[in-house]
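# Coordinates in review
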Amino acid sequence: AVSRTRILATGGASHNKKILQVLSDVFNAPVYTIDTANSACLGSAYRAIHGLVAETNVSLADVVKLAPEPRLAVTPATGAEEV
């Protein structure tokens, strides 16, 4: 079975490839990053937008589709799942 798990890393540590590689290896999943300032507020901003358009029956998933596309930063090292 193919895992659909992926990790989205934001904030200062997301610029450190070694930290991202550890995350990828431990969880055996690819790690993606989004290049955006104030990433801690990003989820709140999308929830606020969703609240503003709630009367139009737009889903949160549709609102989040407006988010910047994450970029693949690292993938699990070969053999990481065995460790």
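Conventions we followed
- Within any chain, residue numbers begin from 1 and follow the written order of that chain's sequence.
- Restriction of local features to residues with pLDDT of at least 70 applies here, the model being predicted, together with a cutoff of 80 or more for giving and counting side-chain atom pairs; totals for whole chains, interfaces and linings are based on all residues.
- With hydrogens and water stripped out, all remaining heavy atoms of the structure feed into the side-chain values.
- Strands were regarded as paired on the criterion that DSSP finds at least two bridges between them.
- Note on conventions: DSSP H or I runs of at least 4 residues are helices, E runs of at least 2 residues are strands, and numbering of each starts at the N terminus.
- In this analysis an axis means a line fitted to C-alpha atoms, helices contributing only their contacting stretch, and an angle means the value between N-to-C directions, from 0 to 180 degrees.
- Contact definition: two residues touch when any of their heavy atoms are within 4.5 Å.
- UniProt positions are given in the numbering used here, feature names are shortened, and annotations may be inferred rather than shown by experiment.
- Three exposure classes are used, based on accessible area relative to the maximum for each residue type with a 1.4 Å probe and protein chains only: buried under 20%, partly exposed in between, and exposed over 50%.

Attention now moves to the sheet that holds strand β2 (residues 31–33). Strands belonging to one sheet form pairs held by backbone hydrogen bonds; the direction of such a pair is parallel or antiparallel. With mixed pairing, the three strands of this open sheet are ordered in space as β1-β2-β3. Strand pairing shows two members of the sheet lacking a second neighbour, β1 (7–9) and β3 (71–74), which therefore form its edges. Pairs of neighbouring strands in the sheet enclose a mean axial angle of 45°, with direction left out of account. Bridge count between β1 and β2: three bridges; the pairing is parallel. Paired with Leu8 across the bridge in β2 is Tyr32. The sheet strands contacting helix α1 (residues 17–27) are β1, β2 and β3, and the helix crosses β3 at an angle near 85°.

UniProt's feature table lists "domain: Carbohydrate kinase FGGY C-terminal" (unreviewed entry) at residues 5–50, given in the numbering used throughout. Structurally, residues 5–50 comprises 43% helix and 13% strand, and the distance from its first C-alpha atom to its last is 25 Å.

Located in the positive-phi region is Asn28, a residue other than glycine, with phi close to 50°. Given the relative accessible area of 35%, Asn28 is considered partly exposed. One non-glycine residue with positive phi stands out, namely Asn57, at about 60°. Within the secondary structure layout, Asn57 lies in the loop between α2 (42–52) and α3 (60–64).

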